[in-house]
Amino acid sequence: MEKNTTQLQETIEELAAKNADLEKQKEVLEAKIKWLEEQFRLSQQKKFGASSEKSNPNQLELLLFNEAELSIDEKVEEPTLESIAYQRKKYIGQRDAKLENLPTETIHYRLPDEEQVCLCCGETVHEMSTETRRELKIVPAQVTVIEHVQHIYSCRQCEREGIETPIVTAKMPAAVFPKSLASPSSIAYIMNQKYVEGMPLYRIEKQFERLGVFLSRQTIANWVIHGATKWLSPLYNRLRELLLQLDLLHADETTVQVLAEPGKAAESKSYMWLYRSGRDVSPIVLYDYQTSRHSKHPKAFLKGFSGYLHVDGYAGYHDLKNVELAGCWAHARRKYDETLKSLPANVDKSTTLAAEGLQFCTQLFKIEKQIAEEFENCSPEQRKEQRQKRSQPVLDAYLAWLKSKRPQVPPKSKLGDAINYSLNQWPKLITFMKDGRLELDNNRAERSIKPFVMGRKAWLFAQSMKGATSSAIIYSIVETAKENQLNPLNYLTYLFEHLPQIEINDPEALDQFLPWSNSIPEEFRIPTKVK
């Protein structure tokens, strides 16, 4: 009897242990299923949903076909006839202002002299008024051959009687690409089409064919690489020198595929790094092509720089000397936004922990907006003082919330990832409190790297390392030009016309062609948009 009891007890303990083990396996599998469901819903949202991260719930509740009903306000008085007339005049004035920077071609339509006769009495009529209609005329690209004929002079008298005959040659501008059909405008046009408009070279080749010009893709690529390495590279290096003299920068990186890299497969990833200036200085945007995402690349590019560096959570920036990293609250906020988007449709998202975390991040951005609105031309000192008063209490409350919720949330869930991100990045996330020039996020760098990401969707890859390096240089010049309100096409043309005529390695001569230089013609600047 005792033996049976002992066996029964052992069986019960064995089954209990097995049951506990199965419960653990069940929890692990349930957590994995939950994680996979979150990833699936988030993937569906990214693929088919809106990409905006705005947190206004009313924005998602607007119905497509009842905007008038939802926007109605019975307290608003009906507009009078006079107010309608005034609004119409204001609209016409705005349209005129939008066109004032464009050249105008005027065509007059008058009656022939023989028809300027009154149909009633036969007397001569006079012009009493005019009616004007405005249209936008687009002049498409066209190709013209320019022949540069250099005249050479000698003296007839010396030819007949002298021992030597002096030869005088008329001055002619140096060619941007000797012994080639390339001109400043053609190289600038090709670069603008690819690096600003996002057209791959094969489409540019076909476009030239339709214009009656037959240039091979290889020839076009050679023009681009020559223009970048010969003329734009010194300007790029000068911009880098000026960038490293600053004490506040932004950095980011994205992938690029280069087909012919030694020792690497064609489908492997390389990286385009971005470094740019912050607010309240002349904008500089520089790209740097490298074969990997290794931390040695930002160390090499930023050698000699000391100060603050805005980054995301990538660890490759952590070992930089004399550099204090400023974290990105947009990334912290995005983690909660993705968590909410990954939840099932039947869940009340407003009562979730993710919504609470999102609210802390959103509140910090609201404070920044309020400071900018309340203090016109806000100085860094004013911004720092206001942050101490308004943002510090939010930071203290958020940190306490993070520490209290971390034990309650599975670390491998989307919410756990969001909480862990903020806690792990906390020393960098609060760096913005130290200096009023610092920004709350790294969106400035993300906006600057976006043109490359969009262009990559069109041309997909770079053929060679030399081509990728040239692309980095050209993107740097055109994006810096855009940030300084310059028309990239006109600016590139100007550079290729004038850089061959100067001592290219002279910093003083080169400084005259920086995007913010007063020597840049005013007509190259992009007109201010009328709101």
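Our structure is the block above this text.
Being a predicted model, the structure only gives us computed values, none of them experimental.

Trainee: Help me understand the nonpolar core in this model?
Mentor: It is characteristic of soluble globular proteins that their nonpolar side chains tend to be buried jointly. Core analysis: the biggest nonpolar cluster contains 78 residues, and M191, L232, Y287, L302, L309, Y317 and F496 have the highest contact counts within it. Here the element with the most residues in this core is helix 8 (residues 217-244); it accounts for 13 residues. Ignoring any residue separated from it by four or fewer positions in sequence, one finds F496 in contact with V176, P184, I187, A188, M191, G227, W231 and L232. Listed in part, the 34 residues of the second largest apolar core include L248, A332, C378 and Y398.

Trainee: Help me out: how do you make sense of the packing of aromatic side chains in this one?
Mentor: The description of two aromatic rings rests on the distance between their centres and on the angle between their planes. Taken as a whole and judged by the stated rule, the model has 18 aromatic pairs. Arranged with centres 5.1 Å apart and planes meeting at 85 degrees, the rings of Y195 and Y475 form a pair that is edge-to-face. Taken together, the positions of Y195 in helix 6 (residues 184-195) and Y475 in helix 16 (residues 465-483) put the pair 280 residues apart, joining distant regions of the chain. For the pair F360 and W401, a centre-to-centre distance of 5.8 Å together with 50 degrees between the ring planes defines the contact as tilted. Taken as a pair, F360 in helix 11 (residues 353-374) and W401 in helix 12 (residues 380-405) lie far apart in primary sequence, 41 residues in all. The burial state of F360 is the same as that of W401; both residues are buried.

Trainee: Even after reading the chapter, I still don't get the pattern of salt bridges, so can you show me in this structure?
Mentor: Applying the stated rule across the entire model yields 22 salt bridges. The partner of R390 in a salt bridge is E374, and the shortest N-O contact between them spans 2.6 Å. One end of the pair, R390, is in helix 12; the other, E374, is in helix 11, and 16 residues separate them in sequence. The exposure class of R390 is partly exposed, given its relative accessible area of 22%. Connected through shared salt-bridge partners, R238, E241 and D511 make up one network.

Trainee: What is the right way to look at unusual backbone geometry in this model?
Mentor: Leave glycine aside and you will find that most residues have negative phi; peptide bonds, for their part, are mostly trans. The phi torsion at K179 lies on the positive side, around 55 degrees, for a residue other than glycine. Structurally, K179 is set in the loop between strand 2 (167-169) and helix 6. By relative accessible area, which is 91% here, K179 ends up exposed. Positive phi values are uncommon outside glycine, yet N322 reaches one of about 60 degrees. Structurally, N322 can be placed in the loop between strand 7 (307-310) and strand 8 (323-326).

Trainee: What is the right way to look at the sheet that holds strand 5 (residues 270-277) in this model?
Mentor: Remark on secondary structure: sheet strands pair via backbone hydrogen bonds, oriented parallel or antiparallel. A sheet is described by the order of its strands in space; here five strands give the open sequence 6-5-3-7-8, paired in mixed fashion. Looking along the sheet, the strands with just one partner apiece sit at the ends: strand 6 (285-290) and strand 8. Shown here is a sheet whose adjacent strand axes are inclined to one another by a mean of 30 degrees, direction ignored. Where strand 3 (residues 248-256) meets strand 7, three bridges bridge the pair, whose relative direction is parallel. Considered in strand 7, the bridge of L249 is made with L309. Across the face of the sheet, helix 8 comes into contact with strand 3, strand 5 and strand 6 while running at roughly 110 degrees to strand 6. Packing of helix 15 (residues 443-459) onto the sheet brings it into contact with strand 3, strand 5 and strand 6, and relative to strand 3 it is tilted by some 20 degrees.

Rules and cut-offs
- Residues numbered from 1 in each chain as written.
- Predicted model: local features only at pLDDT ≥ 70, side-chain atom pairs only at ≥ 80, totals over all residues.
- Heavy atoms only, no water.
- Core = buried A, V, L, I, M, F, W, Y, C linked by side-chain atoms within 4.5 Å.
- Buried < 20%, exposed > 50% of the residue type's maximum accessible area, 1.4 Å probe, protein only.
- Helix = DSSP H or I, 4+ residues; strand = E, 2+ residues; numbered from the N terminus.
- Contact = heavy atoms within 4.5 Å.
- Phe/Tyr/Trp six-rings, centres within 6.5 Å; stacked < 30°, edge-to-face > 60°.
- Salt bridge = Lys/Arg side-chain N within 4 Å of Asp/Glu carboxyl O.
- Pairing = 2+ DSSP bridges.
- Axes fitted to C-alpha atoms, helices over the stretch in contact; angles between N-to-C directions.

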